[in-house]
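# Coordinates in review
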Amino acid sequence: MISRQYSIRMLPTEILENIFSMLDLEDLHQAVLVCRKWRQVGENPRLWKRNGFGHLEILVESDLEFLDTRRLQHIEELILDAEAQLGRSDIKLLIKSVEKLDRLKYLDIPRSNLSSFKPARLAKIVSKLVALDISNCCLTNKQVEAILKVLSENSKMENLHISDNDLSTVQPEVLAIAANNLLGLEMNRCRLTSEQGQAIFNRMGHETKLVSLKVVENIIDLSPVNPDVLARALNKLEMADGWLWILTNHQTRAIFKQMAQHSKLRGLRICTNLSAVKPTVLALAISKLEKVHVDYCQLTADQGEAILNQISEGTKLTE
């Protein structure tokens, strides 16, 4: 009769993997403690990914130790908790670990001081990701220039949150190409220049992948942009948040006329003078939205009445 010890030691790896693939997370944790061979087989990252280990959230600095374990080498999403407080050495360890995670797609590390890393190093990490949140990360001018250059050339990136970093030194055309290669972009309080904003919308009016754009608390003079180009650009989006954009009366009329006729917009926040827009056009355009915020827009009494009448007849508005 074959002994229990002998059978465990000699069980083929392929059979062990098949058995382990049917275990739930708790049983898999127990299995890898049985013996060295079982641990070697059981640490296969494919097994852990099946049990929900495609995602890791860093809550405290001690969680960083898990990033070097074999079982986590296939994770696709890494999130740094909003309350986590990592020191400089912890951030270095985090970035070093991220570089080894070949299958990582989503990286969420806001409020991490990344200023000490070489621009090319960060750009290389960015180039392999699908979604990235590096808001308020103390990025240097050279770092943001390198990151946006990569995104303007060849990148898998779909969604970028880069708020609270100074982007003012990025060449307008480079930023415009990078922005319009994305699906979602959030760059609030980024010290954008009017030239950068104009370049983004001029390109967007002709060609874009953008679905959602948020650029708030950043004064951008868009008045030089052709009204029809700007109207076409904004109405290609599904969500637009443009607090503090400077627009002309001609531009606002063109935007809302286009919106009333045909638009993909579902949500809009805008803070500019809309008093020149025809009340019926403004009301019809707003009624087609799901969410709208028209703060400090100097609406006339006729516009307000038209909006209320349109809402009473039916609207998609929820907010």
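The structure we're discussing is the one just above.
Below is a summary of the structure that appears in this document. (Residues numbered from 1 in each chain as written. Predicted model: local features only at pLDDT ≥ 70, side-chain atom pairs only at ≥ 80, totals over all residues. Heavy atoms only, no water.)

Our next topic: the packing of helix α8 (residues 141–153) against helix α9 (residues 172–180). Put simply, α8 and α9 touch, their axes get as near as 8 Å, and they point 55° apart. Our classification of the angle between α8 and α9 gives oblique. Note that α8 runs across α9; the crossing there is left-handed. Facing Leu 148, Lys 149, Leu 151 and Ser 152 of α8, the residues of α9 in contact are Val 174, Leu 175, Ile 177 and Ala 178. (Axes fitted to C-alpha atoms, helices over the stretch in contact; angles between N-to-C directions. Helix = DSSP H or I, 4+ residues; strand = E, 2+ residues; numbered from the N terminus. Parallel < 35°, antiparallel > 145°, perpendicular 65-115°, else oblique. Left-handed = near helix turned anticlockwise from the far one by under 90°. Contact = heavy atoms within 4.5 Å.)

For helix α14 (residues 301–313), built from 13 residues, the straight-helix expectation of 18 Å at 1.5 Å per residue is met to within 8% by its first-to-last C-alpha distance of 19 Å. When α14 is considered as a whole, its buried residues turn out to be Gln 303, Ala 306, Ile 307 and Gln 310. Relative to the axis of α14, the buried residues are bounded by an arc of 100° and lie together on one face. Across from the buried face of α14, at angles greater than 90 degrees, the exposed residues are Ala 301, Leu 308 and Ser 312. Buried residues in α14 make contact with α13 (279–287). Directly beyond the C-terminal end of α14, a positive phi value near 135° is found at Gly 314. (Expected span 1.5 Å × (residues − 1). Buried < 20%, exposed > 50% of the residue type's maximum accessible area, 1.4 Å probe, protein only. Arc of directions from axis to C-beta.)

Negative phi is the rule for most residues except glycine; trans is the rule for most peptide bonds. Within the chain, Glu 217 stands out as a residue other than glycine whose phi angle is a positive 50°. Looking at the element boundaries, Glu 217 is found in the loop between β7 (212–214) and β8 (220–221). Look at Leu 244: it is not a glycine, yet its phi comes out positive at around 80°. Assignment of secondary structure puts Leu 244 in the loop between β9 (239–242) and β10 (245–246).

As for its placement among the helices and strands, Lys 128 is situated in the loop between α7 (119–127) and β4 (131–133). Notably, Lys 128 is buried but unbridged: the nearest opposite-charge side chain belongs to Asp 102, and the N-O separation is 4.8 Å. If sequence neighbours within four positions are ignored, Lys 128 has contacts with Val 98, Glu 99, Leu 101, Asp 102, Leu 104 and Lys 156. (Lys, Arg positive; Asp, Glu negative; His and termini not counted. Salt bridge = Lys/Arg side-chain N within 4 Å of Asp/Glu carboxyl O.)

Before going further, it helps to examine the pattern of salt bridges. For the coordinates displayed, the defined rule picks out nine salt bridges. A salt bridge links Lys 149 to Glu 153, with the nearest nitrogen and oxygen atoms 2.5 Å apart. Taken together, the residues span about one helical turn, with Lys 149 and Glu 153 both in helix α8 at a distance of four residues. A residue is classified by how much of its surface remains accessible, and Lys 149, at 45% relative accessible area, is partly exposed. For Glu 153, a relative accessible area of 53% translates into the label exposed.

Moving on to the environment of Ile 177. Within the element layout of this structure, Ile 177 appears in helix α9. Dropping the residues within four chain positions of it, Ile 177 is found in contact with Ser 152 and Arg 203.

With that settled, the discussion passes to the packing of aromatic side chains. The description of an aromatic ring pair uses the distance of the two centres, along with the angle that the planes make with each other. With the rule as written, the count across this model stands at one aromatic pair. Summarising the aromatic geometry, the rings of Phe 201 and Trp 245 are spaced 5.1 Å apart at their centres and angled 75° between planes, so their arrangement reads as edge-to-face. In this pair, Phe 201 sits in helix α10 (residues 194–204) while Trp 245 sits in strand β10, placing the two residues 44 residues apart along the sequence. This pair shows no difference in class: Phe 201 is buried, exactly as Trp 245 is. (Phe/Tyr/Trp six-rings, centres within 6.5 Å; stacked < 30°, edge-to-face > 60°.)

Attention now moves to the packing of α7 against α8. When two helices pack together, their arrangement is given by the angle between their axes and by how far apart the axes lie. The contact between α7 and α8 brings their axes to 8 Å, and the two run at 35°. The handedness of the crossing between α7 and α8 comes out as right-handed. Here Pro 119, Leu 122, Ala 123, Val 126 and Ser 127 of α7 come into contact with α8, specifically with Lys 142, Gln 143, Ala 146, Ile 147, Val 150 and Leu 151. By residue class, the composition of the contact of α7 with α8 is eight nonpolar, two polar and one charged. (Nonpolar A, V, L, I, M, F, W, Y, C, P; charged D, E, K, R; others polar.)

A separate point is the pairing of strand β12 (residues 291–294). Two faces make up the sheet, and in a regular strand the side chains alternate between them. Relative to β12, strand β11 (residues 267–270) is paired through four bridges, and the arrangement is parallel. Bridge pairing links Gly 267 to Lys 291 in β12. The β-α-β motif built from β11, the intervening α13 and the parallel element β12 has right-handed crossover chirality. (Pairing = 2+ DSSP bridges. Right-handed = clockwise from strand over helix to strand, strands pointing away.)

Residues Arg 46, Arg 50, Arg 70 and Arg 103 make up a contiguous surface patch of positive charge. Mapping Arg 70 onto the fold places it in the loop between β1 (55–58) and β2 (77–80). Owing to a relative accessible area of 41%, Arg 70 belongs among the partly exposed residues under this scheme. (Patch = residues over 30% accessible without salt bridge, like charges linked within 9 Å, V, L, I, M, F, W, Y side chains within 5 Å. Areas by Shrake-Rupley, 256 points an atom, 1.4 Å probe, with all protein chains shown as cover. Charge placed at Lys NZ, Arg CZ, Asp CG, Glu CD.)

This next bit is on the side chain of Ser 135. Mapped onto the fold, Ser 135 is located in the loop between β4 and α8. Classification of Ser 135 by relative accessible area gives buried; the value is 7%. A distance of 2.8 Å separates a polar atom in the side chain of Ser 135 from a polar atom in the side chain of Asp 133. Aside from chain neighbours lying at most four places away, what touches Ser 135 is Pro 110, Arg 111, His 161, Ile 162, Ser 163 and Asn 165. (Polar contact = N/O pair within 3.5 Å; in protein donor to acceptor, adjacent residues only side chain to side chain.)

Take it as geometry only, folks, not as evidence of what the structure does.
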